[in-house]
Amino acid sequence: MMKYCRFVIIVTLIVCTASPLLARRKSQDFFLKPQAGVWFGPITPVYTTSEDVETRLGGGLFARYNLPWAPLKLGVDASYQHFKSQGVKELTLWPVYGNLLFRLPINLPLAFQFKLGAGGSSVEIQPEDQQQWDPLFMVGIEGSFPAGKWVNIGLRIDYLLIYEKHIEGAQRNGHIVNTGITLYLNIGI
């Protein structure tokens, strides 16, 4: 009986000592890991008519890496966006940009991040058969939650400003709103 009591006491001490370690492992913040992912959803040109171009579906890829300060990440995004019209016009964009992401310091399973970035976009206009690279600026917000150890799922809304007024004769800049469902893969866990 004495051996049994010692055994129970030792097991109880081990479990009590190990439980904080197990709880710490379980509550690990997976958003603090480098991430790669994809997004897919509606892409909407702003200030256009159906003779110009219409809303379509688009998608893209992204990668993010943590900075030493926990709420900040550096990101790189690339996407493909093709717009058609009711007429003969077509617009194809290949935006590529870097961004700085700031995670709001809210202690919830749902994480919100603001994004601000810049880069360039390949712009191809048909039937004029024009193609050029234009500067691009972006601002956005994302909300996401962990769907396991390796995957996060979320929603993103990005506003892209394609700066075209530097071109002689350009009347306005390009404005695009991207909304999409995102799938993040947590790397290095």
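Above this note sits the structure.
Since this is a predicted model, take the numbers as computed values, not measurements.

Calculation notes
Residues numbered from 1 in each chain as written. Predicted model: local features only at pLDDT ≥ 70, side-chain atom pairs only at ≥ 80, totals over all residues. Heavy atoms only, no water. Helix = DSSP H or I, 4+ residues; strand = E, 2+ residues; numbered from the N terminus. Buried < 20%, exposed > 50% of the residue type's maximum accessible area, 1.4 Å probe, protein only. Contact = heavy atoms within 4.5 Å. Pairing = 2+ DSSP bridges. 1 Å grid on protein atoms, 1.4 Å probe; cavity = no way out; pocket = protein on both sides within 12 Å on 5 of 7 lines; lining within 4 Å. Points joined across faces, edges and corners; volume = space filled by probe spheres on them. Nonpolar A, V, L, I, M, F, W, Y, C, P; charged D, E, K, R; others polar. Axes fitted to C-alpha atoms, helices over the stretch in contact; angles between N-to-C directions. Salt bridge = Lys/Arg side-chain N within 4 Å of Asp/Glu carboxyl O.

**Here we look at the overall build of the protein chain**
- For the protein chain, the helix and strand inventory stands at one helix and eight strands.
- In sequence order, the secondary structure elements of the protein chain are arranged as α-β-β-β-β-β-β-β-β.
- Out of the 189 residues in the protein chain, the part that is buried amounts to 34%.
- Long-range pairs, those at least 24 residues apart, make up 57% of the contacts in the protein chain with a sequence separation of at least 6.

**Focus on the pairing of strand β6 (residues 130-146)**
- Of the strand pairs in this sheet, strand β5 (residues 111-126) and β6 are connected by 15 bridges, and their pairing is antiparallel. Bridging across to β6, A118 finds its partner in F137.
- Hairpin connection of β5 to β6: three residues between the antiparallel strands, including D129 at a positive phi of 55°.
- Pairing of β6 with strand β7 (residues 151-162), which is carried by 11 bridges, proceeds in the antiparallel orientation. Across the sheet, the residue bridging to F145 is I153, located in β7.
- Hairpin connection between β6 and β7: a loop of four residues separates the two successive antiparallel strands, and G148 in this loop has a positive phi of roughly 130°.

**Observations concerning empty space enclosed by the protein**
- Per the stated rule, a full pass over the model turns up one cavity of 30 Å³ or more.
- Within this model, the largest cavity holds a volume of roughly 60 Å³.
- Taken together, F31, L32, Q35, A70, P71, K73, R103 and Q113 form the lining of the largest cavity.
- Of the residues that constitute the lining of the largest cavity, the class distribution is four nonpolar, two polar and two charged.

**Some details on the sheet that holds strand β2 (residues 56-66)**
- The eight strands are arranged β1-β2-β3-β4-β5-β6-β7-β8 in a closed barrel whose pairing can be described as antiparallel. Taken pair by pair, the neighbouring strands of this sheet meet at an average axis angle of 25°, ignoring direction.

**Description of unusual backbone geometry**
- For the peptide bond that leads from Q126 to P127, omega is 10°, which places it in the cis range.
- Tracing the sequence through the fold places P127 in the loop between β5 and β6.

**Overview of the pattern of salt bridges**
- Applying the stated criterion across every chain yields a total of six salt bridges.
- Between R156 and D77 there is a salt bridge, with the nearest N and O atoms lying 2.7 Å from each other. Of this pair, R156 sits in strand β7 while D77 is found in strand β3 (residues 72-84), placing the two residues 79 residues apart along the sequence. Considered together, R156 and D77 belong to a single accessibility category, that of buried residues.
- Within this structure, R64, D77, K115, E142, R156 and D158 form a network of salt bridges that share partners.

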